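Survey of secondary and tertiary structure
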Amino acid sequence: MNYSSETGRGVPVLADPVLRLSGITKTFPGVRALSDVELALYPGQVTALVGENGAGKSTLVKILTGIYQPDGGVIEVDGQASKFPTATAASAAGVTAIHQETVLFDELTVAENIFLGHAPRGRFGLIDWTAMNARAQEILTRIGAQISPKTPLRELGIASKHLVAIARALSVDARVVIMDEPTAALSSAEIEELYELVERLKGEGKAILFISHKFDEIFRIADRYTVFRDGEMVDAGMIADVTENQLVEKMVGRAVDTIFPQRNSNPGEDVLTVAGYSHPTEFADIGFTLRRGEILGFYGLVGGGRSEFMQALFGVTKPSKGACRIDGKIAVIRSPAEAIRKGIVYVPEDRGAQGAVTAMPIFQNVTLPSLKATSHKGFVRMAEEFALARKYTERLDLRAASLDQNVGELSGGNQQKVVIAKWLATQPKVIILDEPTKGIDVGSKAAVHDFMAELAAEGLSVIMVSSEIPEILGMSDRVIVMREGRIAAEFDREGLTPETLVRAAAGYGGEAAA
Amino acid sequence: MSLAEGTRPRNFPDRLTGRGQRILRSWELLLFVIAVLIFIANTQASPYFLDPWNLSDATFNFTEKSMIAFAMALLIISGEIDLSVAGIIALASTAMGWALQFGVGTPGLVAIGLAVGLLCGAFNGVLVTRLGLPSIVVTIGTMSLFRGISYIVLGDQAFNGYPDSFAWLGRGYVFWVITFELTLFVVFALIYGVVLHKTNFGRHVYTIGNNPVAARFSGIRVERVKMILFLLTGLMSGIAAICLTGRLGSTRPSIAYAWELEVVTMVVLGGVSILGGAGSILGVVIAALVIGMVTFGLGLLNVPGIVMSIFIGALLIGVIALPRLVTKLRRR
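Reading guide: rules and limits
- Throughout, residues of each chain are indexed from 1 in the direction in which the sequence is written.
- To read the labels, note that chains go from A and ligands from 1, taken in the order they are written.
- In keeping with the model being predicted, local features are shown solely for residues with a pLDDT of at least 70 and side-chain atom pairs are shown and tallied solely at 80 or more, while totals for entire chains, interfaces and linings include all residues.
- Elements are defined by DSSP. Helices are runs of H or I of four residues or more, strands are runs of E of two residues or more, and each kind is numbered from the N terminus.
- Using C-alpha atoms as the atom set, the radius of gyration is obtained and then compared with a globule rule of 2.2 Å times the number of residues to the power 0.38.
- Any residue whose C-beta has 12 or fewer other C-beta atoms within 10 Å is treated as exposed, any with 20 or more as buried, and any in between as partly exposed, C-beta atoms being built from the backbone.
- Whether two residues are in contact is decided by their C-beta atoms, placed from the backbone, lying within 7 Å.
- We call two strands paired when DSSP finds no fewer than two bridges between them.
- Each axis is a line fitted through C-alpha atoms, and for a helix only the stretch in contact is used; angles between axes span 0 to 180 degrees, taken between their N-to-C directions.
- Our arc is simply the arc of the directions from the helix axis toward the C-beta atoms.
- Basically, the charged four are Asp, Glu, Lys and Arg, the nonpolar ten are Ala, Val, Leu, Ile, Met, Phe, Trp, Tyr, Cys and Pro, and anything else, Gly included, counts as polar.
- Under this scheme an angle from 65 to 115 degrees is roughly perpendicular, one under 35 degrees roughly parallel, and one over 145 degrees roughly antiparallel; angles in between are oblique.
- Domain start and stop points were drawn from an automatic or database domain assignment.
- Only buried Ala, Val, Leu, Ile, Met, Phe, Trp, Tyr and Cys residues enter a nonpolar core, and they are joined through C-beta atoms within 7 Å.
- The pLDDT value expresses, per residue, how confident the predictor is, ranging between 0 and 100.

When helices and strands are tallied, chain B shows 15 helices and 4 strands. Expected size for 332 residues packed as a compact globule is a radius of gyration near 20 Å; at 21 Å, chain B falls within 12% of this value. Its C-alpha atoms put chain B at 80 × 55 × 35 Å along the principal axes. Every one of the 332 residues in chain B was classed for burial, and the buried ones make up 47%. Partitioning the contacts of chain B with sequence separation of at least 6, the portion at a separation of at least 24 is 79%.

Moving on, we get to the overall build of chain A. From N to C terminus, chain A includes 18 helices and 20 strands. Against the compact-globule benchmark of 24 Å for 514 residues, chain A has a radius of gyration of 25 Å, which places it among compact chains. Over its C-alpha atoms, taken along the principal directions, chain A stretches across nearly 70 × 55 × 45 Å. Buried residues in chain A amount to 47% of all 514 residues. A separation threshold of at least 6 residues defines the contact pool for chain A, and within that pool the share at least 24 residues apart is 68%.

All names here are of chain A. In spatial order, the strands read S12-S11-S14-S15; together these 4 strands make up an open sheet with antiparallel pairing. Unpaired on one side and paired on the other, strand S12 (286–291) and strand S15 (329–331) mark the two borders of the sheet. Within this sheet the neighbouring strands show an average axis-to-axis angle of 20 degrees, counted without direction. When strand S11 (residues 270–278) meets strand S14 (residues 321–326), the two strands line up antiparallel, connected through 5 bridges. Within S14, the position partnered with Thr273 by the bridge is Arg325.

Residue and element names in this part refer to chain B. All of the buried residues along helix H8 (residues 164–171) are Phe166, Leu169 and Gly170. Each buried residue of H8 sits inside an arc of 95 degrees when the element is viewed along its axis, so together they form one side. Contacts made by the buried residues of H8 are with helix H6 (106–129), helix H9 (180–198) and helix H12 (222–248).

Each partner contributes residues to the interface: chain A has 31 residues there, and chain B has 26 residues. Those elements that provide at least two residues to the side of chain A that touches chain B are helix H10 (336–341), helix H11 (351–355) and helix H14 (382–395) of chain A. Class assignment of the residues belonging to the side of chain A that touches chain B gives a composition of 20 nonpolar, 7 polar and 4 charged.

This part takes up the sheet that holds strand S10 (residues 232–238) of chain A. Residue and element names in this part refer to chain A. What the 6 strands build is an open sheet, ordered S6-S7-S8-S3-S9-S10; its pairing is mixed. Single-partner strands in this sheet number two, and they are strand S6 (95–98) and S10. Here the average twist between neighbouring strands, direction ignored, is 20 degrees. Summarising the sheet, strand S9 (residues 224–229) and S10 pair through 6 bridges and their orientation is antiparallel. The partner of Phe228 across the bridge, within S10, is Met233. Together, S6 and strand S7 (176–180) form the strand contacts of helix H5 (residues 158–171), whose direction differs from that of S6 by roughly 175 degrees. The sheet strands contacting helix H8 (residues 244–252) are strand S3 (46–50), S9 and S10, and the helix crosses S9 at an angle near 30 degrees.

When two helices pack together, their arrangement is given by the angle between the helix axes and by the axis-to-axis distance. Residues and elements named next belong to chain B. Packing of H9 against helix H14 (residues 281–300) leaves a shortest axis separation of 9 Å and a crossing angle of 150 degrees. In terms of axis orientation, H9 runs roughly antiparallel to H14. Here Ala189, Tyr192, Gly193 and Leu196 of H9 come into contact with H14, specifically with Ile281, Leu282 and Val285. Partitioned by chemical class, the residues of the contact of H9 with H14 number 6 nonpolar, 1 polar and no charged.

Right, let's get into the domain arrangement of chain A. Residues and elements named next belong to chain A. Split by domain assignment, chain A resolves into domain 1 (1–94 + 174–254), domain 2 (103–172), domain 3 (255–343 + 428–514) and domain 4 (357–427). Using only C-alpha atoms to locate each centre, domain 3 and domain 4 end up separated by 25 Å. Contacts between the two partners involve 12 residues from domain 3, matched on the other side by 12 residues from domain 4. The leading source of residues in the side of domain 3 that touches domain 4 is helix H16 (residues 442–457), at 5 residues. Its residues assigned to classes, the side of domain 3 that touches domain 4 comprises 8 nonpolar, 3 polar and 1 charged.

This brings us to the nonpolar core. By size, the foremost hydrophobic cluster in this structure holds 242 residues, and its most contacted members are Ile432 of chain A together with Met72, Ala73, Ile89, Val267, Val284 and Val290 of chain B. Beyond its immediate sequence surroundings of up to four residues, Ile432 of chain A is in contact with Met310, Leu313, Phe314, Ile344, Val345, Tyr346, Val347 and Ile463 of chain A.

Turning next to the confidence of the model for chain B. Caution applies to low-pLDDT parts of the model: their predicted coordinates are not meant to be read in detail. All names here are of chain B. When pLDDT is averaged along chain B, the result is 89; 95% of the residues meet or exceed 70. Scored below 50 in pLDDT, residues 1–9 makes 7 contacts in the model with residues more than four places away or belonging to other chains. Model confidence for the complex is summarised by a pTM of 0.75, with the ipTM given as 0.84.

All names here are of chain A. You will see that Asp285, though not glycine, has its phi angle at about 55 degrees, which is positive. Following the sequence through the fold, Asp285 ends up in the loop between S11 and S12. Notably, Asp327 is not glycine yet its phi reads approximately 50 degrees, a positive angle. Locating Asp327 in the fold gives a position in the loop between S14 and S15.

Residues and elements named next belong to chain A. On average, residues of chain A carry a pLDDT of 84, and 91% of them reach 70 or more. pLDDT under 50 marks residues 1–12. Its contacts with residues more than four places away, or in other chains, come to 14 contacts. This model gives residues 510–514 a pLDDT under 50, and the stretch forms 9 contacts once residues within four places in sequence are excluded.

Following this line, the structure appears as structure tokens:
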């Protein structure tokens, strides 16, 4: 693979890749995150890495920056096989990353943030402040940032902080720069500045890996592309040789899996009506109707405000505006306790932190919101608890050693079943499932899907937030797409294609039919 | 515990371990064995130890502190702490002494003691649950605040002259060698044991301590539960203040000085996780007996107070380190 062409922008392209990955494989318990992945990064070129959420992009970045170790495969730097056992090793090899949410320290100055961990040292090993500030100034000037190195970080806005993060990435002598959705938090003017910066870095001969969901920016700045799907590399090539449509197809590629349960949906009367739900920062003007026995899918990019809205609906956070009706009656929901009483329950995305109490046994997790029903005058009745927990966990085909086992000892999929069982035991009207199959094994996934279909058939209304297109298409009766905190489009399942969904979520193509 | 792939235990049991096994593995049993060992050592060390009246006197070493420790155990299990309990005793005792100057009788004094305890608990609770401040910071502050008020009111003076009926609450006997305080200790142990282990409220306390976010997401009113726990801790401090003031017969601003640490020691020695989420009242009861017997036994041997606190400190670290050491050695 020796390219010696020129890109459309007239930048001469050198032949050999700075960094080449081949056969990279990484497995987590129950999940194969990457299998046999190839990637090559060339000096002075921007390679766009595209793929759905969960396609393995983040895992790859973590391998490149020494946070994860691959189970197999070779990393070559300048043709030499290398290993990145630690983050320090990766940065010594010249690989640096600018993350979506970079960890910076508000109480330190700009220069301290840039050089944290590798500050220039003077006599007695003390930090050489003069040199540090001077070098920080130099880097900031180079990327065109008008920030003083001595400013405390907390005084900067989000865009300036982002520039500091970039400066930090460049403070090591980087040859490979990874940008993981760098424009996610930026305004359009700031994005323009970022593009200029990328051009400048290209001019300096850096190899750039650019991860983004936004096709307009990929086509604007990338020279090459690599497509990941389900942990595999499906295609790579020059951006000039593909169209946006082709790229979208490659990304979502496969036909919708036939393993999803067959459903004859027959939605009944309106159960939940939401109108004008708004939040100062997270979402605005959300309105929809959910019918009895219906599965309503919520699709969108991560950060599109779906979870934030669901948590407001469940009473965790307070909406600034908006109303909701349950069975036609106005319902004011100020706390999860109220939501549960009114028949709305929520299975959170972050299972470990918000869903399960991992240090407590299965049966106590299941009965947590139903203690009123299993107890007598405020006193717990263990026999009733075991009976209730057994009823719902067995329906979900839970695999456990006993009901007394701590939830933390179960696999992710089984933990999820415990959380779902917990809510079903309250006999809700509406169940909100936030990324219900994220990070769980294939077997448990199918069980959750089957069960969801069964519940809908029994008349439960389901809201399913998912970033997995097959799941959205395979399970939903209707799909609402959210983008930047607003409803971007609403579709019926009939005739809905992955391409349409992706376009609506990324704001490309303008097919938003509200 | 994990199951082989492919098996489908549709009918897994409720529990794998029987009651006997759970008791054998419990912290409480270990503590109980230590308590028995200390008891035997004490009988060998001093011929006066087994005298019923001596033993009865010995209970004063732990009865008042352990009343607070029961409420504190619930608070620590929920993930909070109250370091102002000794300050509350000082303030409640001062308030009672002050009221005494106006001729208030025993029922009035008791009411004042309970009310001050509740008010102090409410103050801590509001700061923690409404303003979201960390309880360790809040109660370090109120610890000085409450006792500081005592110092302002009393200076180097003392309130004296409590009526006999009030003194009985601290020194009186209900039956033979059984003191009123010991009776309270048993009653409160039962009440708190039932509340923590047998009620929905107790289950909520454990859940909040293990995962406050998931607790909230499960519809538990976390702030309300914590508020109740602060009120209970304040109330128990008020009751302890009544007993202690009655027993001493006077109020000085240094009353119950540094008790908060002894109370926390008792709770932690009893097996309550300082990080919250785990522990039992039985453990705290046995820990109270252990500390009481150690203090009393060393006292009979005329060991000075400072050596006693060294011994208690060493006991605490030793007992907590022991199970971890055992598992570490086993793994090798």
